[in-house]
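Read off the chains here:
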Amino acid sequence: MSAYLSISGVGVTFSGQNGPYVAVRDINLNVAKGEFISIIGHSGCGKSTVLNVVAGLNRATTGGVILGSTEVTSPGPDRAVVFQNHSLLPWLTVYDNVKLAVDKVHGKSKSAAERDAWVRHNLALVGMDNALEKRPHEISGGMKQRVGIARALAMEPKVLLLDEPFGALDALTRATLQDTVMELHAKLDNTVIMITHDVDEAVLLSDRVVMMTNGPAATIGEILDVRLPHPRDRLKLAGEPEYARCRQAIMEFLYARHRAPKAHAA
Amino acid sequence: MTIKADTFAKSGLGEGLLPASLVPRLVAGGKAAAARVVPPLLFLALLLAIWEIACSRAGSPLPPPSKVVSDTWTLIVDPFFDKGGMNKGLFWHLASSLKRVAMGFSIAAVVGIALGVLVGQSTLAFRGLDPIFQVFRTVPPLAWLPLSLAALRQAEPSAIFVIAITAIWPIILNTAVGIRNIPQDYRNISRVLQLNGAEYFFKIMLPATVPFMFTGLKIGVGLSWLAIVAAEMLIGGVGIGFFIWDAWNSSLISEIILALIYVGLVGFILDRIIAMIGKWVSGGMSAG
Ligand SMILES: Nc1ncnc2c1ncn2[C@@H]1O[C@H](COP(=O)(O)OP(=O)(O)O)[C@@H](O)[C@H]1O
Ligand SMILES: [Mg+2]
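Residues numbered from 1 in each chain as written. Chains lettered and ligands numbered in written order. Predicted model: local features only at pLDDT ≥ 70, side-chain atom pairs only at ≥ 80, totals over all residues. Heavy atoms only, no water.

1. A few points about the pairing of strand β3 (residues 36-40) of chain A
Note on strand geometry: in a regular strand, side chains alternate between the two faces of the sheet.
Residue and element names in this part refer to chain A.
Next up, step 1: Counting buried positions over the five residues of β3 gives five, a clear majority of the element.
Next up, step 2: Residues Phe-36, Ser-38 and Ile-40 of β3 are buried on one face, and the alternating residues Ile-37 and Ile-39, pointing to the opposite face, are buried as well.
Next up, step 3: Pairing analysis gives five bridges linking β3 to strand β8 (residues 191-196), with the strands arranged parallel. In the strand pairing of β8, Ile-39 is matched with Ile-195.
Next up, step 4: The sheet contact formed by β3 and strand β9 (residues 208-212) spans four bridges and is parallel. Residue Ser-38 lies in a different strand from β9, and its bridge partner there is Val-209. (Buried < 20%, exposed > 50% of the residue type's maximum accessible area, 1.4 Å probe, protein only. Helix = DSSP H or I, 4+ residues; strand = E, 2+ residues; numbered from the N terminus. Pairing = 2+ DSSP bridges.)

Right, dumping it as structure tokens:
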């Protein structure tokens, strides 16, 4: 497999009050260009920790991440992140939130007119071009995530990192956003790593599902290939044997072999 | 253009000047305003009545409101006279007090925000300075006056120093709290975008902290106004504080009362001005 993004031997140890805490260890994963990867695992197992190492927001204690041909040492717009909580700046309009990123990332390569068009283009991709002048508090949670995705896409990242992007949304909004992300992935062919705790979401969107064991010292327990052709249709999938197999495999991993530890179970 | 003007004229002549929908809205707006203005006026009238009755008997140590007005009528009707020296209208006393507050408060705002940013940003500065600030901020404003007189040797800069040192603590502390409260998500965004120091300061930190800063500025301006009146009583010169002290020395109780009313009104207006600037600066910013 051609490794576009390679995570090798990554371990993260936090220094807490009760001594060092090994959050994750021995994370090895190669991601191909254009691949859609989901990371699934129980709450608190270390999914965000891994994603933040890829983003450069956390330093790996051991191992490292190589993207393209360069090692990740600090955060950068080539690894745009969409966070679960609205990470839009509340004092800026929808347009200005995306514009801030575009000006910073494409300030040298694009003219003012091109940047303006690029902001509008990316907001149109997520269906938010009719709310340019709205402030984040004037739009719904789903719309905020759409704008967050538009901002990330506008950076033209080599890999798009999504940390439970739909975790705070209701089921219906969630479904429409999943469809949007699927369409965008089909259209732009970008490389995506998405954290989720939703089994159906993982199967629906991913080429591979990375399943993590419970912490402390969590690691990758199993990697599942989802052999379903794109584009996928959530209605037709329900009857597919491959869909059922993938679902079953993840459920078994999460609820039979690696049940949530009692302390975390809620 | 001509067509527009024409229709305007017609509707103006035919329908009366106000569009029909505006009238109920104006009435509703008027009602809301009345609901806010009438109760304070009622209670004010009640208070004045009680005061009048309580102080009207012979030998009362304080004058009733009617006597305050008649005693100070010349001051009320002509706040702008200037007969040289300290013999000036109330406007001039208030103006020079306000000038001192403006200078002291501006120094406090600039230095306070800068120190607040430092303490909010740097854990070392926070650990080192916060305990010191917590102790200093409890020192009463006037306790600084003798020290500043000793150091600066002049009344005017000493008064301004007292204002600044009084107003600065809430500005520092609130700014620092605002900065420490900037959500991690915003910091992460700025790191992903690789914003440099100045960009982070102007695009993330400042807007995220403005509401907190203005809370500090609002408390600070109130404290400076409290302090200036007291400081002026001691340093003399032109100023509302000295005016009150001078009136006391001449047993002009009515003038003291009039001056107190002005002091209260000016303090109230200062508070509102800062609040309005804060609202204006934060624009339509949401709380979250
Ligand atoms: N900065 C940190 N300092 C100490 N412990 C941390 C820090 N960040 C995360 N952790 C711990 O590491 C573990 C994994 O956290 P996280 O990656 O956020 O989990 P997930 O995203 O899977 O829910 C948790 O037990 C969490 O308490
Ligand atoms: Mg997480």
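2. A look at helix α10 (residues 197-235) of chain B
In an α-helix there are 3.6 residues to a turn, and that puts residues three or four apart on one side.
Residue and element names in this part refer to chain B.
Next up, step 1: The first and last C-alpha atoms of α10 sit only 44 Å apart over 39 residues, clearly below the 57 Å expected at 1.5 Å per residue.
Next up, step 2: Its maximal kink placed at Val-210, α10 deviates by approximately 50°, while the proline Pro-211 follows within four residues.
Next up, step 3: One side-chain oxygen at the N-terminal end of α10 lies 3.2 Å from the backbone nitrogen of Ala-198; it belongs to Asn-196.
Next up, step 4: Taken from the residues just after α10, Gly-236 is the one with a positive phi, measuring 75°. (Expected span 1.5 Å × (residues − 1). Bend = angle between axes of the 7 residues up to and from the residue. Polar contact = N/O pair within 3.5 Å; in protein donor to acceptor, adjacent residues only side chain to side chain.)

3. Overview of the domain arrangement of chain B
Next up, step 1: By domain assignment, chain B separates into domain 1 (5-61) and domain 2 (76-287).
Next up, step 2: Here the C-alpha centre of domain 2 of chain B lies 34 Å away from the C-alpha centre of domain 1 of chain B. (Domains from an automatic or database assignment.)

4. Some words on the interface of chain A and chain B
Note: interface size is frequently given as the accessible area lost on complex formation between the parts.
Next up, step 1: Contacts between the two partners involve 24 residues from chain A, matched on the other side by 19 residues from chain B.
Next up, step 2: Regarding the contact of chain A and chain B, the summed buried area is about 1900 Å², with carbon and sulfur atoms giving 68% of it.
Next up, step 3: Of all residues in chain A, the largest losses of buried area upon contact with chain B belong to Trp-91, Leu-100 and Lys-104 of chain A, amounting jointly to 34% of the total for that side.
Next up, step 4: Viewed at the interface, chain B and chain A are joined by one salt bridge.
Next up, step 5: Put simply, Lys-104 of chain A and Glu-199 of chain B hold a salt bridge, and the shortest N to O gap is 2.9 Å.
Next up, step 6: Viewed at the interface, chain B and chain A are joined by five residue pairs in polar contact (both at pLDDT 80 or more).
Next up, step 7: Among the elements that take part in the side of chain A that touches chain B, helix α2 (residues 94-106) of chain A stands out by supplying four residues, more than any other. (Contact = heavy atoms within 4.5 Å. Buried area = accessible area lost by both parts, 1.4 Å probe. Salt bridge = Lys/Arg side-chain N within 4 Å of Asp/Glu carboxyl O.)

5. Some points on the sheet that holds strand β5 (residues 70-71) of chain A
Residues and elements named next belong to chain A.
Next up, step 1: Ordered by their spatial adjacency, four strands build an open sheet running β2-β1-β4-β5, and the pairing between neighbours is antiparallel. Every other strand in the sheet has two partners, leaving β2 (19-31) and β5 as the edge strands with one partner each.
Next up, step 2: On the sheet, helix α1 (residues 47-55) packs against β1 (5-16), β2 and β4 (62-67) and is oriented at approximately 115° with respect to β1. (Axes fitted to C-alpha atoms, helices over the stretch in contact; angles between N-to-C directions.)

6. What about the packing of aromatic side chains?
Residues and elements named next belong to chain B.
Next up, step 1: If you walk through the whole model with that rule in mind, you get eight aromatic pairs over all chains.
Next up, step 2: Summarising the aromatic geometry, the rings of Trp-144 and Phe-161 are spaced 6.2 Å apart at their centres and angled 80° between planes, so their arrangement reads as edge-to-face. Pair noted here: Trp-144 is in helix α7 (residues 144-152) and Phe-161 is in helix α8 (residues 155-180), with a separation of 17 residues, a long-range link.
Next up, step 3: Owing to a relative accessible area of 11%, Trp-144 belongs among the buried residues under this scheme.
Next up, step 4: Given a relative accessible area of 31%, Phe-161 falls into the partly exposed group.
Next up, step 5: Between Phe-201 and Phe-202, the aromatic rings sit 5.0 Å apart at their centres with planes inclined by 85°, giving edge-to-face as the arrangement.
Next up, step 6: The class for Phe-201 is partly exposed, based on a relative accessible area of 25%. (Phe/Tyr/Trp six-rings, centres within 6.5 Å; stacked < 30°, edge-to-face > 60°.)

7. Observations concerning the packing of helix α9 (residues 184-192) of chain B against α10 of chain B
Residues and elements named next belong to chain B.
Next up, step 1: Across the interface, α9 lies against α10 with an axial gap of 11 Å and an inter-helix angle of 170°. With respect to their mutual orientation, α9 and α10 come out roughly antiparallel. Residues Tyr-186, Arg-187 and Ser-190 of α9 pack against Tyr-200, Ile-204 and Ala-208 of α10.
Next up, step 2: In the contact of α9 with α10, the residues fall into four nonpolar, one polar and one charged. (Parallel < 35°, antiparallel > 145°, perpendicular 65-115°, else oblique. Nonpolar A, V, L, I, M, F, W, Y, C, P; charged D, E, K, R; others polar.)

8. Here we look at the packing of α7 of chain B against α8 of chain B
Residues and elements named next belong to chain B.
Next up, step 1: Interaxial distance between α7 and α8 falls to 9 Å at its minimum, and their mutual angle equals 135°. Between α7 and α8, the crossing angle belongs to the class labelled oblique. The crossing of α7 and α8 is right-handed. Residues Trp-144, Leu-145, Ser-148, Leu-149 and Leu-152 of α7 form the contact with α8, whose own contacting residues are Ala-155, Pro-157, Ser-158, Phe-161, Val-162 and Ile-165.
Next up, step 2: Classifying every residue of the contact of α7 with α8 by side-chain character gives nine nonpolar, two polar and no charged. (Left-handed = near helix turned anticlockwise from the far one by under 90°.)

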